[in-house]
Amino acid sequence: MPSSSLAASSLNKLINQLKDNGSSPKADHKIALEVLLETLEAGLNDNLSQHYFLSAIDPGIGKSLAVSKFLQVWKERNFTPASSVLIGLSRLQEIEGYLKNSGLNKEDVAVLTSDHTYKELGVPKEDHPSARVMFTTQQMIERRTRDKSFADAEEFHFEGEPRSLRIWDESLIPAAHLVVHADEIAALPLVLRKAFPQLADTAHHLNGRIYSSEAGQRITIPAEFGKLPDGIRSIRNAKAIETLEALSRLAGQELEPVAIGDGIAELAGAAAPLPEDFAPVVVLDASGRVRSTYRVWEQTGGPLRRLPEVTKDYGNLRVYLWERRVGKAPLKLPGTVEEVVTAISDLIEEDRTDDQWLIISYKEPSIERQLREALRSDVNTRMHFLTWGMHHGTNEFKDCRKVVLVGQMSYGAGGYRALASACGASDPDKATLAELERGEYRHHLLQALTRASVRYNRHGQSGTCTAHIIASPNLGMHDAIAQAFPGCAVERWCPDEKDLGGKVGKLIKLLQSARNQGMRRITKKELRDALGIAAANFSRLLGHREVTSWLDQNHVRVDRREFILWPTFEPLPGDGFTIDQLDYLDENLEPET
């Protein structure tokens, strides 16, 4: 690489910045970053072939910073060569990091978005065609190129021509994967009947064909959905509009209904892919080494080229895995949330450090409120929450050294079939679907955990981090963790087993000890003080299935303020009776008739 090239100068700046941050790239890391920068320079000079160039470099090593330094050097050279850049982001918040690290000014950039705050970071809309660098979202690129070529999408152009260097920051799926529930189609006729009766009939007939089709039979999505009538949004039903838009993108395709249990079916497929002339594109995706979507795309002839991929040594990451049913449905079962909250609150209360905690769980059912109520206010200030689906594309929690993951992102049978279709496999076999599922678990694990301190990189070593993962059994999660984080330590964690301690085990031991000492009563306050927990958390602890089971088995009664450890008997009025008298009564009294 010539020392005067953009790539060489950018690499020098990048290495100096990494050194200032306390890290020097290993040899293989340096090579991967160098090849990435050379690819960026080739794209800027219109010298890339019509492919997607995947750079799978682990979080924290410097791939996004490499792009920023490349833009910085290009600006320092007065934007020579005279070219242009389009950067598609998964989250608009990432623009600020690019601007900070590249030194680009407002007059250098255009921000194509409907968000007023981020629009103001760039030039006015009428000046977009003259801004050297354009930032937008991946969703905007996908939406504005539907049913047209990239060359015809003038809003992305620079001086009347498609921008030369196109960068896709984060995961890329070549087409949108779509799943439509049959019940959602069945609900359309009632919503559409008055204003759009013909479309209502089409939806009714489609739903009938879904349920009358035999196993393996494909049905064609009616062409009538392809172009939705003007004024369709006047129905003011967001779910119906979402269903109609999905059917519109699937119109004309032959799809096999996917049975998902309880007599329910889904339609799973993919929309039209990104236009062919969108390539060449440089894709920055840390999950590229663990996600199976790229492999399936390659096998089906996708125009993918892999750049050198590198990972870190995750020896500083320690993972504790609790395998128990923790999907969205099991979490709604009585006592399940309480059990999970108790296990997590035990961890946090027993932590004697000042470390920040990051908890990632479902948006619904949520555990945030119960967990905050279960912990002291001073502990609450060290807790941060994200939900699945929002667990990527942010560095806000990079200083959290403790992480808890509750559950996992799961797409269901229809979802994985749709994902396969989006990657070019329209008729996937079971092995392909299973591999896609495992790859998605690895992908989400990598993205979730690297929001925290493990994303740091110091001379090829990850940051120090402790993670507790609660995941459903039979998903191969142990192997998924090991593959996503080479070198990490994975240990079994079983807070639902009484022998392993925790607040549940300690409470049961305290109660048993009190009984062994002959105590008939013990107050709740005595037990709370002994456990060192707040009243709200103690009440939640009493609802734990192991505690209630022990109380029932040992005939322990719980009153408002105390536990009655042994049953008591109050004497009846009178002088009592003898055993002989009881025997006489038993022999001589006749039963009532």
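Because the structure is a prediction, the values reported are computed rather than measured.

Peer 1: Could you clarify how one ought to interpret the side chain of K312 in this entry?
Peer 2: Here K312 shows up in the loop between β14 (304-306) and β15 (317-323). Side-chain polar atoms of K312 contact the backbone oxygen of R455, separated by 2.8 Å. Only 3.3 Å separates the side chain of K312 from the backbone oxygen of Y456, close enough to count as a polar contact. The contact partners of K312, leaving out residues within four places of it in the chain, are H29, D58, P59, G60, I61, V454, R455, Y456, N457, G460, S462 and P486.

Peer 1: Can you walk me through the packing of aromatic side chains in this structure?
Peer 2: In this description, a pair of aromatic rings is defined by centroid distance and the angle of the planes. Across all of its chains, the model carries 10 aromatic pairs by this definition. Taking 5.8 Å as the distance between ring centres and 45° as the angle between the ring planes, the aromatic pair formed by Y98 and F135 counts as tilted. Linking Y98 in helix α4 (residues 94-102) with F135 in strand β4 (residues 133-137), this pair joins segments that are 37 residues apart in sequence. The exposure class of Y98 is buried, given its relative accessible area of 3%. Arranged with centres 6.0 Å apart and planes meeting at 75°, the rings of W168 and F278 form a pair that is edge-to-face. On the criterion of sequence distance, the pair formed by W168 in strand β7 (residues 165-169) and F278 in the loop between β12 (264-270) and β13 (281-284) is long-range, its members being 110 residues apart. Ring-pair connections join several aromatic residues into one group, and the members of that group are F150, F156, W168 and F278.

Peer 1: Before we go on, may I ask you to explain the nonpolar core in this structure?
Peer 2: With 91 residues, the main nonpolar core has Y52, L317 and F485 as its most contacted residues. Leaving out residues up to four positions away in the same chain, Y52 has contacts with L172, L274, P275, F278, A279, V281, V283, W297, P303, L304 and R305. Within the second largest apolar cluster, 44 residues are counted, among which are L6, L36, Y98 and V133.

Peer 1: Hey, could you run me through helix α3 (residues 63-76) in this one?
Peer 2: Given 3.6 residues per helical turn, the α-helix brings residues three or four places apart onto the same face. Helix length check: α3, at 14 residues, gives a terminal C-alpha distance of 20 Å against a target of 20 Å (1.5 Å per residue), a fit within 8%. Counting buried positions along α3 gives 11 out of 14 residues, so the element sits mostly inside the fold. All buried positions along α3 are accounted for by K63, L65, A66, V67, S68, K69, F70, L71, Q72, V73 and W74. At the C-terminal side of α3, N78 shows a positive phi close to 60°.

Peer 1: Just to check I follow, could you spell out the sheet that holds strand β22 (residues 489-492) for this structure?
Peer 2: What holds strands together in a sheet is hydrogen bonding between their backbones, with the strands either parallel or antiparallel. The 6 strands are arranged β17-β16-β18-β21-β15-β22 in an open sheet whose pairing can be described as parallel. Looking at which strands have only one partner, the edges of the open sheet turn out to be β17 (383-387) and β22. Strand-to-strand twist of the sheet, defined as the mean angle between neighbouring strand axes without regard to direction, takes the value 20°. By the bridge criterion, 4 bridges tie strand β16 (residues 357-361) to strand β18 (residues 402-406) in an arrangement that is parallel. Within β18, the residue paired with W357 across the bridge is K402. Set on the sheet, helix α17 (residues 430-449) makes contact with β15, β16, β18 and β21 (465-471); between it and β18 the angle comes to about 145°.

Peer 1: What is the right way to read the sheet that holds β4 from this model?
Peer 2: Taken in spatial order, the 7 strands of this open sheet run β3-β4-β2-β7-β13-β1-β14, and their pairing is parallel. Looking at which strands have only one partner, the edges of the open sheet turn out to be β3 (109-112) and β14. Averaged over all adjacent pairs, the angle separating strand axes in this sheet is 20°, with direction ignored. Looking at chain direction, strand β1 (residues 52-55) and β14 are connected through 3 bridges and run parallel. Paired with F53 across the two strands is R305, which belongs to β14.

Analysis parameters
Residue positions within a chain follow its written sequence, with the count starting from 1. Residue-level local features of this predicted model are given only where pLDDT is at least 70; pairs of side-chain atoms are given and counted only at 80 or more, and the full residue set underlies all totals for whole chains, interfaces and linings. Side-chain numbers come from the whole structure's heavy atoms, not from hydrogens or water. Under the DSSP-based scheme used, a helix requires at least four consecutive residues in state H or I and a strand at least two consecutive residues in state E, with every element numbered from the N terminus. In protein, a polar contact means a hydrogen-donor-capable atom and an acceptor-capable atom, both N or O and within 3.5 Å, with residues adjacent in sequence counting only if both atoms are side-chain atoms; elsewhere, any N or O pair within 3.5 Å suffices. The contact definition used throughout considers only heavy atoms, calling two residues in contact when any of these lie within 4.5 Å. Two rings from Phe, Tyr or Trp (for Trp, the six-membered ring) form a pair when their centres sit within 6.5 Å of each other. Planes less than 30 degrees apart are called stacked, planes more than 60 degrees apart edge-to-face, and all others tilted. Only protein chains enter the calculation, and the probe is 1.4 Å; a residue is then buried if its accessible area is under 20% of its type maximum, exposed if over 50%, and partly exposed in between. Here, nonpolar core refers to any group of buried Ala, Val, Leu, Ile, Met, Phe, Trp, Tyr and Cys residues whose side-chain atoms link them within 4.5 Å. Expected span, for any helix, means 1.5 Å times one less than how many residues it has. The pairing criterion is simple: DSSP has to find at least two bridges between the two strands. Lines fitted to C-alpha atoms define the axes, with helix axes restricted to the stretch in contact, and inter-axis angles between N-to-C directions lie between 0 and 180 degrees.

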